[in-house]
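Geometric and topological summary
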Amino acid sequence: MLLEVKDINVHYGKIAALKGISLEVNEGEIVSLIGANGAGKTTTLKTISGLRPLTSGKILFNGEDISKTPGHKRVIMGIGQAPEGRGVFPGMTVQENLLMGAYTRKDDLTKDLDEVYGLFPRLAERRSQFGGTMSGGEQQMIAIGRALMTKPKVVLLDEPSMGLAPMLIAQIFSIIKEINSRGTTVLLVEQNAQQALKLSDRAYVLETGRVVKSAPGKDLLNDPSVREAYLGGH
Amino acid sequence: MKGDEVTSEETTPRRNPFSAIGHGIDVMRDWWEHAKVWQRYLVYIGAVVFALILPAPAIGSFMSPGADWTSVLVYPIGTYILLAVGLNVVVGQAGLLDLGFVAFFAIGGYNVAYFGTQYHWNYWATVVMGIAMAAVSGVILGAPTLRLRGDYLAIVTLGFGEIVRITANNADVIGGARGITNVPHPPPIFGTKFLLDPAPYYYLMIVAIALVIIFSVRLQKSRVGRAWAAIREDEDAAELMGVPTFKFKLLAFAIGAMIGGLAGGVYAGKAVFIEPNTFPFILSATILAAVVLGGSGNLPGVILGAFLIGWLPERFRDFAEYRILIFGGVLVLMMALRPEGLLPSRRRKAELREGTGGMGAMGAEVAGPTTEASAEVNQ
Ligand SMILES: Nc1ncnc2c1ncn2[C@@H]1O[C@H](COP(=O)(O)OP(=O)(O)OP(=O)(O)O)[C@@H](O)[C@H]1O
Ligand SMILES: [Mg+2]
């Protein structure tokens, strides 16, 4: 098992955002988290990447307890994240943004840059434009590309399709599949439950800080209660 | 990898008296960004020559008809520049709002005064001591507070500045409210004695400013500078890139503090006499105003800002009581018309347009109930 979240509780001040969430991600999988607004999906990802501290519970990565490891060290271990709202560095160019992803690396980066530019030709055209002046969809590409530049074993993607046109959404999902087939494990948070579930090996449904259901993606697509709540009821 | 080919600068539809000047400044900055190495060196040499002839009486009679121009150049102008370059590391580069910067200036000054008068240490040794003590206090202040964000950090640093001043006011070992008198001057350099003539102090100040500028530019271009830029623009994203954000914020505090301490040491070497009221809160605010007015994060801008903030009130002494009012009015006007500062960097403009950057992430996050666990996030 690559990533194992064991019964974690996370608080914002006194408010409990996660109330005993457990989940597992195996090497090579695409795993999705779906759930309503405020269910705790972003918090779960932030806790895995080390931006939020745990109140209790454990996070194991490659069998090693990383619950107390600071975020920047988890990056080196192989956890990459494209944050919600993208978090692109506005005053850095596209290329500088991507190179920030390789901040801890000292090896040759040309191959990795080429790979990201191959996945997102749009970024290659705009490599010297400021991140802050890129469109929403383009910023999403920067965020994903930048996370890939950390050479992650598992990449955490927080709503990569947010605010994108349908054409671009389809494109992003096929890129996620491509990233996965090149050997990166993916933990995906999505509002677009339909497409996320189609793509996922397994998925978890979150409700107010708890996992209420977990099953292979295809099964959840046909689950009546899931269809009702997250897939528009048909 | 600079923003070289970006030409799609938005033309702001605003029309105001400053826009023409602003445009001229932008053109100059763009020229500078593309300038060849030899062109840049010419500008550096020009700047040094300019600094050397600046105290000339011909210039002084216009710049400072009321007071001795060279003295004005040492304090407030030179001292403000030194302080502003130091504060710029914290505010402009790392994006942390520090409202108590004067504390480090005080620590540098008091070290020179105390060890010079009590133990008769060599002046330079006292300056080094002041810098070291300032760095240590920067770390002591930063370690618990840099986990806070934005406005919380501002309040705590403001408190720190006051604590240092009030402590000095009440500590009899360092003279209490009376302060320390007969602070020794620097020993002669190459036969130049440091006595009442302000000129040697001016040249000492120029050397200090030049060293600090070189140091600051080197830092900005290094991995450290890149990490600071990332922290300033989005702290969480920086951590996700593998930047040890807490360590780098602490480093910014320590380096800013050292420059503040150096400024205090140089100042005390000329002042003969220092007291707690030399280091009021308003000085922290003034230096911050200089940084923001000039163009936070961009050294030429910060230096220009500090120069103007130091010089304008001296120049318009004739207006007596009204001068601070006019000065404040001019500041408000300038910031309304050119909020990114007089000489912003391109990058800073892009940050401001995005609505982040500015001065630190104001979106404070509430830590979890387990302080221990929350303490480890940023380590
Ligand atoms: N910084 C914060 N301070 C206080 N409460 C927070 C903070 N961030 C999130 N929360 C709360 O934690 C809970 C979970 O939020 P989270 O962002 O994880 O939800 P989410 O599932 O990602 O929602 P969405 O689909 O809208 O992105 C919510 O109730 C939210 O209000
Ligand atoms: Mg979310």
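Above this text sits the structure in question.
Since the model is a prediction, treat every value here as computed from it, not as a measurement.

1. Considerations on the overall build of chain B
- The helix and strand inventory of chain B stands at 16 helices and zero strands.
- Relative to its full complement of 379 residues, chain B shows a buried share of 53%.
- Excluding contacts between residues fewer than 6 apart, the proportion of contacts in chain B whose partners are at least 24 apart in sequence is 75%.
- Total accessible area on chain B is roughly 17,400 Å²; 69% of this is exposed by carbon and sulfur atoms.

2. Here's the deal with the sheet that holds strand β7 (residues 154-158) of chain A
All names here are of chain A.
- Pairing in this open sheet of six strands is mixed, and the strands run β6-β7-β8-β3-β9-β10 from one edge to the other. Looking at which strands have only one partner, the edges of the open sheet turn out to be β6 (79-82) and β10 (210-216). For this sheet the average axis-to-axis angle between neighbouring strands, irrespective of direction, equals 15°.
- When β6 meets β7, the two strands line up parallel, connected through four bridges. When the bridges of β7 are listed, Gly-80 appears paired with Val-155.
- Packed onto the sheet, helix α1 (residues 41-49) meets β3 (30-35), β6, β7, β8 (185-189) and β9 (202-207) and runs at close to 150° relative to β7.
- Contacts between helix α7 (residues 166-181) and the sheet are confined to β3, β7 and β8, with β8 contributing the most and set at about 150° to the helix.

3. A word on the packing of aromatic side chains
Residues and elements named next belong to chain B.
- One pass over the structure, following the stated rule, counts 18 aromatic pairs over all chains.
- Measuring from ring centre to ring centre gives 6.4 Å for Trp-31 and Trp-32, while their planes differ by 45°; the resulting arrangement is tilted.
- A residue is classified by how much of its surface remains accessible, and Trp-31, at 44% relative accessible area, is partly exposed.
- Among the residues examined, Trp-32 registers a relative accessible area of 24% and is labelled partly exposed.
- Between Phe-105 and Phe-279, the ring centres sit 5.3 Å apart and the planes meet at 75°, which makes this aromatic pair edge-to-face. Residue Phe-105 is found in helix α5 (residues 102-118), and its partner Phe-279 is found in the loop between α11 (245-271) and α12 (281-294); the two are separated by 174 residues along the sequence.

4. Let's talk about the nonpolar core
- Trp69(B), Trp228(B), Val243(B) and Phe307(B) are the most contacted members of the largest nonpolar core, which has 106 residues in total.
- Element by element, the count of residues in this core is highest for helix α4 (residues 69-93) of chain B, at 15 residues.
- Ignoring any residue separated from it by four or fewer positions in sequence, one finds Val243(B) in contact with His72(A), Met100(A), Tyr103(A), Ala227(B), Ile231(B), Ala238(B) and Phe248(B).
- Ranked by size, the runner-up nonpolar core spans 35 residues in total, among them Ala102(A), Val116(A), Tyr117(A) and Phe173(A).

5. Some points on the coordination of the magnesium ion (ligand 2)
Residue and element names in this part refer to chain A.
- Here the magnesium ion (ligand 2) is held by the protein donor atoms Thr-42 (OG1) and Glu-84 (OE), which lie 1.8 to 2.6 Å from it. On the criterion of sequence distance, the pair formed by Thr-42 in helix α1 and Glu-84 in the loop between β6 and α3 (94-101) is long-range, its members being 42 residues apart.
- Assessed through its relative accessible area of 37%, Glu-84 is described here as partly exposed.

6. Things to note about the site of ligand 1
All names here are of chain A.
- Surrounding ligand 1, one finds 13 residues, the nearest of these being Lys-41, Thr-42, Thr-43, Glu-84 and Gln-191.
- In this structure, Gly-38 approaches ligand 1 through a main-chain N or O atom, which is 2.8 Å from an oxygen atom.
- Within the side chain of Glu-84, an N or O atom sits 2.7 Å from an oxygen atom of ligand 1.
- In isolation ligand 1 offers 630 Å² of accessible surface; the protein chains occlude 67% of this area.
- Here the element with the most residues in the shell around ligand 1 is α1; it accounts for three residues.
- A breakdown of the residues in the shell around ligand 1 according to their chemical character gives four nonpolar, six polar and three charged.

7. Notes on the pattern of salt bridges
Residue and element names in this part refer to chain A.
- Scanning the entire structure with this criterion turns up 13 salt bridges over all chains.
- The partner of Arg-105 in a salt bridge is Asp-112, with the nearest N and O atoms 3.1 Å apart.
- Between Arg-182 and Glu-115 there is a salt bridge; the shortest N-O distance is 3.8 Å. One end of the pair, Arg-182, is in the loop between α7 and β8; the other, Glu-115, is in helix α4 (residues 110-119), and 67 residues separate them in sequence.
- Three or more residues joined by partner-sharing salt bridges are found here, namely Arg-105, Asp-107, Asp-112 and Lys-151.

8. So, the environment of Lys249(B)
Residues and elements named next belong to chain B.
- Its location among the elements puts Lys-249 in helix α11.
- Note: C-alpha distance between Lys-249 and Val-90 (159 residues apart in sequence) is 8.1 Å.
- The residues contacting Lys-249, other than those within four sequence positions of it, are Leu-96, Leu-146, Leu-148, Ile-231 and Glu-235.
- Looking at Lys-249, its side chain comes within polar contact range of the side chain of Glu-235, at 2.8 Å.

9. Things to note about the packing of α5(B) against helix α6 (residues 123-145) of chain B
All names here are of chain B.
- Taken N-terminus to C-terminus, the directions of α5 and α6 make an angle of 140°; their axes are 8 Å apart at the nearest point. Regarding the angle of α5 to α6, the classification is oblique. In the crossing of α5 with α6, the sense of the turn from one axis to the other is right-handed. Contacts between α5 and α6 involve Phe-104, Ile-107, Gly-108, Asn-111, Val-112, Phe-115 and Gly-116 from the first element and Tyr-123, Thr-126, Val-127, Met-129, Gly-130, Met-133, Ala-134, Ser-137, Gly-138 and Leu-141 from the second.
- For the contact of α5 with α6, the residue count by class is ten nonpolar, seven polar and no charged.

Reading the values: rules and limits
Residues numbered from 1 in each chain as written. Chains lettered and ligands numbered in written order. Predicted model: local features only at pLDDT ≥ 70, side-chain atom pairs only at ≥ 80, totals over all residues. Heavy atoms only, no water. Helix = DSSP H or I, 4+ residues; strand = E, 2+ residues; numbered from the N terminus. Buried < 20%, exposed > 50% of the residue type's maximum accessible area, 1.4 Å probe, protein only. Contact = heavy atoms within 4.5 Å. Areas by Shrake-Rupley, 256 points an atom, 1.4 Å probe, with all protein chains shown as cover. Pairing = 2+ DSSP bridges. Axes fitted to C-alpha atoms, helices over the stretch in contact; angles between N-to-C directions. Phe/Tyr/Trp six-rings, centres within 6.5 Å; stacked < 30°, edge-to-face > 60°. Core = buried A, V, L, I, M, F, W, Y, C linked by side-chain atoms within 4.5 Å. Donors = N, O, S within 2.8 Å, 3.2 Å for Na, K, Ca; no water. Near = heavy atom within 4 Å. Polar contact = N/O pair within 3.5 Å; in protein donor to acceptor, adjacent residues only side chain to side chain. Nonpolar A, V, L, I, M, F, W, Y, C, P; charged D, E, K, R; others polar. Salt bridge = Lys/Arg side-chain N within 4 Å of Asp/Glu carboxyl O. Parallel < 35°, antiparallel > 145°, perpendicular 65-115°, else oblique. Left-handed = near helix turned anticlockwise from the far one by under 90°.

So, to be careful, I would describe these as geometric facts and stop short of saying anything about function.
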